[in-house]
Amino acid sequence: MHTEFEIETRGPRLYEFTQDVAAWLRDCGAVSGLLTLMVRHTSASLLIQENADADVQRDLHAYFARLVPPADRPEMTYLTHTAEGPDDMPAHIKAAMLPVSLHIPVIDGHMRLGTWQGIYLFEHRTAPHRRRAAGHFMSDRA
Amino acid sequence: MHTEFEIETRGPRLYEFTQDVAAWLRDCGAVSGLLTLMVRHTSASLLIQENADADVQRDLHAYFARLVPPADRPEMTYLTHTAEGPDDMPAHIKAAMLPVSLHIPVIDGHMRLGTWQGIYLFEHRTAPHRRRAAGHFMSDRA
Amino acid sequence: MHTEFEIETRGPRLYEFTQDVAAWLRDCGAVSGLLTLMVRHTSASLLIQENADADVQRDLHAYFARLVPPADRPEMTYLTHTAEGPDDMPAHIKAAMLPVSLHIPVIDGHMRLGTWQGIYLFEHRTAPHRRRAAGHFMSDRA
């Protein structure tokens, strides 16, 4: 059972798609097994994070924007891959630090997420993008 | 084959639970397949790290404590999610940077860890917590 | 279906081995399922990153070398695990921040990587090493 999720982004921040994933698991009759999500880009990440307070998502973006400043900032002049804009190489760096893929055990058709855990795509680029995440569910053996 | 590991924590540091995982694999007669562990919290991480020298674990904690200072420090005043204490938002940030889940191939009933690799929960909060990690083993197909 | 990939390294940088993985999937007749790669060391990482422009790989190395300086630098004197050289503890720190394992859905015998995604071992140590990554492919159930 394979699928692909599309997430439209408009600038760097977190985009939740927990419900899309839950709906797909329902549609394909998933009962017990392992869910894998993998982002098919090297300038965006996947994240399991708190979905209770939107401040958490804003602060996550604010922190990583400071940890990896744009390539046109004085302290980042050592970067050489700058042809695609000052936000491109920092996006690759964040994509290396943050998860490419997520893996969630499924029991009785439900993802075993904690109470406050949601599934996000973390966009690192400034321009709008259409992002794709491969989805895969493998059933436990009978 | 699903389970849940409980790890009691008393402050931010690494807690090894390699032996609990090995014992569970033995108990359920796992032979060949893929083990998945997923922490069900957004303020703690899982880590595969060196278990030979405890200094490694102390240094890991020391490094990340400096990379992501408490929210009441002058350089962190841009954080807004501070109602749950100065260690809360830094814990979410560390949980974004460090692994949510671990995945270890199993052959002949043994995890294919390297010689010095151990499995840890990395607690990021100051107060004691009871942490839960979902465990899942999927057998290879015959 | 289990294997082990060997990657010879000569200093800290990214080493691509996408083609080795693709060849192994072909050799074992993999059709549809989930590929897992896990590095069996705590001072090297695995990475899915852009393989179009080698500058991206150089910049990734340059960034992480600055984020985690050698242990003999003034700002790193708090590190205690220094017996194995100034590059050892920083290597463990980078190995904690960057992926231990990669997971790629496979359809029709092909990894579902994005257009520009390649598979790399990221060596963090200065001395030459022979690195091992466990490979595992699990077929979807019929």
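Residues numbered from 1 in each chain as written. Chains lettered and ligands numbered in written order. Predicted model: local features only at pLDDT ≥ 70, side-chain atom pairs only at ≥ 80, totals over all residues. Heavy atoms only, no water.

A.B. asks: Pulling in residues and values, what's your account of the interface of chain B and chain A?
C.D. replies: In many analyses, interface size is given as the accessible surface area lost on bringing the parts together. Counting from both sides, the interface comprises 34 residues of chain B and, opposite them, 33 residues of chain A. In this assembly, chain B packs against chain A so that about 2800 Å² is buried in total across both faces, 61% of it on carbon and sulfur atoms. Counting across the interface, chain B meets chain A through 1 salt bridge. Two residues, arginine 112 of chain A and glutamate 4 of chain B, come together in a salt bridge whose shortest N-O distance is 3.2 Å. Our count for the contact surface shared by chain B and chain A stands at 15 residue pairs in polar contact (both at pLDDT 80 or more). Contributions of two or more residues to the side of chain B that touches chain A are made by strand 1 (2–9), strand 3 (33–39), helix 3 (88–97), strand 5 (101–107) and strand 8 (129–139) of chain B. (Contact = heavy atoms within 4.5 Å. Buried area = accessible area lost by both parts, 1.4 Å probe. Salt bridge = Lys/Arg side-chain N within 4 Å of Asp/Glu carboxyl O. Polar contact = N/O pair within 3.5 Å; in protein donor to acceptor, adjacent residues only side chain to side chain. Helix = DSSP H or I, 4+ residues; strand = E, 2+ residues; numbered from the N terminus.)

A.B. asks: Go over the side chain of serine 101 of chain A, please, and point to the residues and values.
C.D. replies: Structurally, the position occupied by serine 101 of chain A is in strand 5 (residues 101–107). When its relative accessible area of 14% is taken as the criterion, serine 101 of chain A is described as buried. There is a polar contact of 2.8 Å between the side chain of serine 101 of chain A and the side chain of histidine 103 of chain A. When residues no more than four places from it in sequence are discounted, the contact partners of serine 101 of chain A are Leu37, Met38 and Leu46 of chain A together with His103 of chain C. (Buried < 20%, exposed > 50% of the residue type's maximum accessible area, 1.4 Å probe, protein only.)

A.B. asks: So what about the relation of the copies chain B and chain A? Which residues, and what values?
C.D. replies: Mapping chain B onto chain A leaves a residual RMSD of 0.0 Å; the transformation is a rotation of 120 degrees accompanied by 0.0 Å of translation along its axis. Both copies of the chain, as the preceding transformation shows, are related through a three-fold rotation axis. No C-alpha of chain B approaches the rotation axis more nearly than that of methionine 97 of chain B, which lies at 3.5 Å. (Least-squares fit on C-alpha atoms with pLDDT ≥ 70 in both.)

A.B. asks: Break down the sheet that holds strand 5 of chain A for me, citing the residues and quoting the values.
C.D. replies: All names here are of chain A. Reading across from one edge, 1-8-3-5-6 is the order of the 5 strands in this open sheet, with antiparallel pairing throughout. Of all the strands in the sheet, just strand 1 (2–9) and strand 6 (110–111) have a single pairing partner and so form its edges. The pairing of strand 3 (residues 33–39) with strand 5 spans 6 bridges and is classified as antiparallel. Directly across from methionine 38, in strand 5, lies its bridge partner serine 101. Taken strand by strand, helix 1 (residues 18–27) contacts strand 1, strand 3, strand 5, strand 6 and strand 8 (129–139), and its axis lies near 160 degrees from that of strand 1. (Pairing = 2+ DSSP bridges. Axes fitted to C-alpha atoms, helices over the stretch in contact; angles between N-to-C directions.)

A.B. asks: Lay out the environment of histidine 110 of chain B in plain terms, naming residues and giving numbers.
C.D. replies: All names here are of chain B. Examined against the element boundaries, histidine 110 turns out to sit in strand 6 (residues 110–111). The exposure class assigned to histidine 110 is exposed, which follows from its relative accessible area of 57%. The spatial distance from the C-alpha of histidine 110 to the C-alpha of threonine 77 is 47 Å, given a sequence separation of 33 residues.

A.B. asks: Describe the confidence of the model for chain A, listing the residues and the values that go with them.
C.D. replies: With 99% of its residues at a pLDDT of at least 70, chain A reaches an overall mean of 95. Under the prediction, the complex receives an ipTM of 0.93, its pTM being 0.95. (pLDDT = per-residue confidence, 0-100.)

A.B. asks: Requested: an account of the pattern of salt bridges, with residues and values cited.
C.D. replies: All chains considered together, the criterion is met by 27 salt bridges over all chains. Residues arginine 130 of chain B and glutamate 6 of chain B are paired through a salt bridge, measuring 3.6 Å at the closest nitrogen-oxygen approach. In this pair, arginine 130 of chain B is assigned in strand 8 and glutamate 6 of chain B in strand 1, connecting sequence segments 124 residues apart. Several salt bridges converge on common partners, so that one network encompasses Glu4 and Arg40 of chain A together with Arg112 of chain C.

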